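Descriptive structure summary
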Amino acid sequence: MPNRRSMTRRSSLCMVVAGLAVGVVLLTACDPIADEASEPTSASAPQTTLTNGDWMVAHSDAAGIVGREVELRGWVFDVADVPEGNDTAFLVWVDFDNDDLPTAFVIEGAPPELEADAFVAVRGVVDGDEPHTYPDGREALVPRVRVTALTITDRLGIRPAVWAVDVGQTLTQHDIRVTLERIEFAAEETRLLFAVENRSDETISAIGTGVRVQRGDVEYRAVFPIGHGVPPPRGQVESGAVERGWFQFPPLDRSGPPLVVVWDGAQPDPPVQRYRTWQWVVDTAGGQRPEG
């Protein structure tokens, strides 16, 4: 296991593994004759598959959703093998922007790519609940899902762009070149890719907290801290270096008036007054060339 996993995460996953081991013993002890004698039940109407959009409500009633099929996406924060059999248990933040909605998954014959920090898309069936301890010490029962299909990918694979604009517009001030390279519109977020080139003799800053988007009278600020898997520039750019990084925004509609992208965080450190705010005007429908 990677050393960076916390004791809280390890404790929670150990409880999942222990619960699965006990479940194996109990199933072995079941009486097959009693099963055969059970009364047949009437068929109920098929239930809809639970998804990320349903999970905030469903997650709070782990016992009540046993038997429900799920299609979930999330960020893996712990993985461990189950002592009995060929199962692997892994814990996922389904709300990976906020490190929330922790969910336990169990899969037989896990691929080697399944490890902490992976992004996953999972299909399966809720087969129980497990105790979980949050980083702040809170305890709760969370759903446990038996996995029937698993895809391992990255953040951009989990939230793929449905529309993208290759902007490629470079602005220059006093030996600093900043390029708004690309805007991606996904169903649950909008992503902006910047490149910062430092041609000066001094280290400069490239701080993401100053990025904002204006559309008409509405202003949107970059999500901070930026979610897992959307790496921003590292904050400082050495002389002669180029740093690239993404900034994450709430989901925006690509149609409508042009986007005005503003950034006041790329400049010498400490700041000097002669630097203007960086600004791009982008017609996201592609009708006109971006302006800086």
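A short tour of the structure in this document, coming up.

Thresholds, definitions, all that
- Residues numbered from 1 in each chain as written.
- Predicted model: local features only at pLDDT ≥ 70, side-chain atom pairs only at ≥ 80, totals over all residues.
- Heavy atoms only, no water.
- Helix = DSSP H or I, 4+ residues; strand = E, 2+ residues; numbered from the N terminus.
- Buried < 20%, exposed > 50% of the residue type's maximum accessible area, 1.4 Å probe, protein only.
- Contact = heavy atoms within 4.5 Å.
- Areas by Shrake-Rupley, 256 points an atom, 1.4 Å probe, with all protein chains shown as cover.
- Salt bridge = Lys/Arg side-chain N within 4 Å of Asp/Glu carboxyl O.
- Pairing = 2+ DSSP bridges.
- 1 Å grid on protein atoms, 1.4 Å probe; cavity = no way out; pocket = protein on both sides within 12 Å on 5 of 7 lines; lining within 4 Å.
- Points joined across faces, edges and corners; volume = space filled by probe spheres on them.
- Nonpolar A, V, L, I, M, F, W, Y, C, P; charged D, E, K, R; others polar.
- Axes fitted to C-alpha atoms, helices over the stretch in contact; angles between N-to-C directions.
- Core = buried A, V, L, I, M, F, W, Y, C linked by side-chain atoms within 4.5 Å.
- Phe/Tyr/Trp six-rings, centres within 6.5 Å; stacked < 30°, edge-to-face > 60°.
- Lys NZ or Arg CZ within 6 Å of the ring centre and 35° of its normal.

Of regular secondary structure, the chain possesses 4 helices and 16 strands. The proportion of buried residues among the 292 residues of the chain is 43%. Nonlocal contacts in the chain, meaning residues at least 24 apart in sequence, comprise 61% of its contacts between residues at least 6 apart. A total of about 15,400 Å² of accessible surface is found on the chain, and carbon and sulfur atoms cover 50% of it.

Time to look at the pattern of salt bridges. Counted under the stated rule, the structure contains 21 salt bridges. Between Arg138 and Asp136 there is a salt bridge, and its shortest N-O distance comes to 2.9 Å. A relative accessible area of 46% places Arg138 in the partly exposed class. Given the relative accessible area of 55%, Asp136 is considered exposed. Of the charged contacts, one joins Arg177 and Glu197 as a salt bridge, the two residues approaching to 3.2 Å between their closest N and O atoms. Here the residue Arg177 occupies a position in strand β7 (residues 176-186), and Glu197 occupies one in strand β8 (residues 190-198), the gap between them amounting to 20 residues. Overlapping salt bridges, with partners in common, bring together Arg73, Asp97, Arg155, Arg159, Asp166, Arg182, Glu184, Glu188, Glu189 and Arg191 in one network.

We now examine the pairing of strand β16 (residues 278-282). Along β16, the buried face is formed by Trp278, Trp280 and Val282; none of Gln279 and Val281, which line the opposite face, is buried. Across 5 bridges, the pairing between strand β14 (residues 259-263) and β16 is antiparallel. Across the sheet, the residue bridging to Val261 is Trp280, located in β16.

To continue, consider the layout of surface pockets. To locate leftover empty space, one rolls a probe as large as a water molecule over the atoms. In this structure, the second largest pocket spans a volume of roughly 150 Å³. The wall of the second largest pocket is formed by Asp97, Asn98, Arg159, Glu188, Val223, Phe224, Pro225, Gln248, Phe249, Pro250 and Pro251. Of the residues assigned to the lining of the second largest pocket, the class counts are 6 nonpolar, 2 polar and 3 charged.

So, on to the sheet that holds strand β5 (residues 139-153). Spatially, the 5 strands close up into a barrel ordered β1-β2-β3-β5-β4, and their pairing is mixed. This sheet shows a mean twist of 45° between the axes of neighbouring strands, independent of strand direction. Taken together, the 14 bridges between strand β4 (residues 119-133) and β5 define a ladder with antiparallel strand orientation. Each residue of the ladder has a partner; that of Asp129, found in β5, is Pro143.

Core analysis: the biggest nonpolar cluster contains 32 residues, and Val178, Leu180, Phe194, Trp263 and Trp280 have the highest contact counts within it. For this core, the elements supplying multiple residues, two or more each, are β6 (161-173), β7, β8, β9 (204-206), β10 (211-215), β13 (242-249), β14 and β16. Those residues within four positions of Phe194 in sequence are excluded, and the remaining contacts are Val178, Thr179, Leu180, Val211, Glu243, Arg244, Gly245, Phe247, Val261, Trp263 and Trp280. Counting 20 residues, the second largest nonpolar core, distinct from the first, contains Leu50, Val79, Leu114 and Val126.

Alignment of strand β3 (residues 100-108) against β5, held across 3 bridges, turns out to be parallel. Bridge pairing in β5 links Phe105 to Val145. Once β4 ends, the chain turns through 5 residues before running back antiparallel as β5, passing Gly137 with a positive phi of about 100°.

For the rest of this paragraph, the subject is the packing of aromatic side chains. This structure, assessed with the given rule, holds 7 aromatic pairs. A centroid spacing of 5.5 Å and a plane angle of 65° characterise the contact between Phe194 and Trp280, whose relative ring orientation is edge-to-face. One end of the pair, Phe194, is in strand β8; the other, Trp280, is in strand β16, and 86 residues separate them in sequence. Positioned above the aromatic ring of Tyr134, the side-chain terminus of Arg138 is 3.9 Å from the ring centre. Against the face of Trp163 rests Arg254, its NZ or CZ located 3.7 Å from the ring centre.

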